[in-house]
Amino acid sequence: MFPQIFNTLQQSGWKLVPLEGNWVSATHESLNRGLIFGNLSELPQDFKPILQSSDLSQWDVIVFCPKGIDSSDLKNHHFAGLQLWYWDTQTGNLFPFPPTNDTLIPNWLRQVASGKDALSGFAKPDVEDFKPLLTYVLFGINIVVFILMTLAGGSENQSVLIAYGAKVNPLIQAGELWRFLTSVFIHIGFLHLLFNLYALWSLGPISERNFGHWRFLVIYIMSGLGGSIASYFFSTALSAGASGAIFGLLGALLYYSLKRPSLWKSGLGMNLVIVIIINFGFGLTQPGIDNYAHLGGLIIGFLTTMLLSKLSVN
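This write-up is about the structure you can find in this document. Please read these numbers as outputs of a predicted model, since none were measured by experiment.

## Observations concerning the overall build of the protein chain
Reasoning step 1: Within the protein chain, the secondary structure is distributed over 15 helices and six strands.
Reasoning step 2: For the protein chain, buried positions account for 48% of its 314 residues.
Reasoning step 3: The contacts of the protein chain with a sequence gap of at least 6 include a subset with a gap of at least 24, amounting to 63%.
Reasoning step 4: Only carbon and sulfur atoms are counted for the fraction: they give 63% of the accessible area of the protein chain, which is about 15,700 Å².

In structure tokens form, the structure reads like this:
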């Protein structure tokens, strides 16, 4: 059971850190609450080093008790700032100390022990407090750049697009590699901007919450670069826009649902597949849409998320 719990945590983006006496701490970048796991027989004398090195608001200690629980166990161990949960693995009962009416940990542990997603249930109480700050920042950058381009002569003006960093193959070949990145933040016309901002507003918060702020940013930037590079190799047309990065978020969420059977069965994974197919189909039937950028972003978003997942496990 314990290996299954740790494996589920790792697959859900939790960072596991070995502690003294075979204990393990688990944190997730999008949450303000940490977990500590270990056996009763190896309970440390002090958890202060963990608390002092962390800015999390709450820590819960899950104490595995494979030989059952004696009432003296509950009284003999008290750590300021920590909520302990003694888990009698023989009966499945969970005893909190100090006493608390908090039902989050008991319900969450039952979910994780059954192999369900190790983030969704835990995050629910804090979901209203979570702020997708980097989504807001990216949203703002796109708007500011569009306004500047409009004031400079219009976002559909070719000279303005080139000046602000659109993907132009001959200029990239001449050494202006920075265009792979700058082209991700400029848009050709108001409808182009509106569509991508709507997509970012729809996908950004859920992605940032599930992957954490900085993983989300890495996925977004790498997907944008992947889309620009794919467009460079397979299309000679001038291009720009956040579409590659947006499709990267779709690829990231697709990987996320594939690794969590409960989410796939809930319909999230299939909905993502349908959205991807519809968007690719729309791109094939409408002129001026760079499907190479979409495909490049999708693939890189999927692969980047897979790599970040492997790194968090190691």
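Next comes the rest of the account.
## Digging into the pairing of strand β4 (residues 58-65)
Reasoning step 1: Across the eight residues of β4, seven count as buried, placing the element largely inside the fold.
Reasoning step 2: Where strand β3 (residues 33-39) lies against β4, seven bridges are found, and the strand directions are parallel. Across the sheet, the residue bridging to Leu-35 is Asp-60, located in β4.
Reasoning step 3: Bridge count for β4 against strand β5 (residues 82-88) is seven bridges, and the pairing is parallel. When the bridges of β5 are listed, Val-61 appears paired with Leu-84.

## Considering the packing of helix α11 (residues 213-234) against helix α12 (residues 243-258)
Reasoning step 1: It is the contact of α11 with α12, at a shortest axis distance of 7 Å, that shows an interaxial angle of 125°. Between α11 and α12, the angle falls in the class oblique. Considering how the two elements wind past one another, α11 and α12 form a crossing that is right-handed. Residue-level inspection shows Phe-216, Ile-219, Tyr-220, Ser-223, Gly-224 and Gly-227 of α11 in contact with α12, the latter providing Gly-244, Ala-245, Ile-246, Gly-248, Leu-249 and Ala-252.
Reasoning step 2: Looking at the contact of α11 with α12, its residues break down into seven nonpolar, five polar and no charged.

## A closer look at α12
Reasoning step 1: Spanning 16 residues, α12 covers 22 Å between terminal C-alpha atoms, matching the ideal 22 Å at 1.5 Å per step.
Reasoning step 2: Of all the 16 residues making up α12, 15 are buried; the element is thus mostly covered by neighbouring parts of the structure.

## Overview of the environment of Ser-183
Reasoning step 1: When you line up the elements, Ser-183 lands in the loop between α9 (179-182) and α10 (190-211).
Reasoning step 2: Separated by 59 residues in the primary sequence, Ser-183 and Ala-242 have C-alpha atoms spaced 7.8 Å apart.
Reasoning step 3: In contact with Ser-183, other than residues within four places in its own chain, are Gly-165, Ala-166, Lys-167, Ser-228, Ser-239, Ala-240 and Gly-241.

## Notes on a nonpolar patch on the surface
Reasoning step 1: Residues Ile-229, Phe-233, Phe-234 and Tyr-292 make up a contiguous nonpolar surface patch of roughly 460 Å² in combined accessible area.
Reasoning step 2: The greatest single-element share of the nonpolar patch, amounting to three residues, is contributed by α11.
Reasoning step 3: Within the secondary structure layout, Tyr-292 lies in helix α15 (residues 291-313).

## Observations concerning the pattern of salt bridges
Reasoning step 1: Following the criterion strictly, the structure yields one salt bridge and no others.
Reasoning step 2: Between Arg-179 and Glu-176 there is a salt bridge whose closest N-O contact spans 2.6 Å.

What counts and what doesn't
- Residues numbered from 1 in each chain as written.
- Predicted model: local features only at pLDDT ≥ 70, side-chain atom pairs only at ≥ 80, totals over all residues.
- Heavy atoms only, no water.
- Helix = DSSP H or I, 4+ residues; strand = E, 2+ residues; numbered from the N terminus.
- Buried < 20%, exposed > 50% of the residue type's maximum accessible area, 1.4 Å probe, protein only.
- Contact = heavy atoms within 4.5 Å.
- Areas by Shrake-Rupley, 256 points an atom, 1.4 Å probe, with all protein chains shown as cover.
- Pairing = 2+ DSSP bridges.
- Axes fitted to C-alpha atoms, helices over the stretch in contact; angles between N-to-C directions.
- Parallel < 35°, antiparallel > 145°, perpendicular 65-115°, else oblique.
- Left-handed = near helix turned anticlockwise from the far one by under 90°.
- Nonpolar A, V, L, I, M, F, W, Y, C, P; charged D, E, K, R; others polar.
- Expected span 1.5 Å × (residues − 1).
- Patch = residues over 30% accessible without salt bridge, like charges linked within 9 Å, V, L, I, M, F, W, Y side chains within 5 Å.
- Salt bridge = Lys/Arg side-chain N within 4 Å of Asp/Glu carboxyl O.

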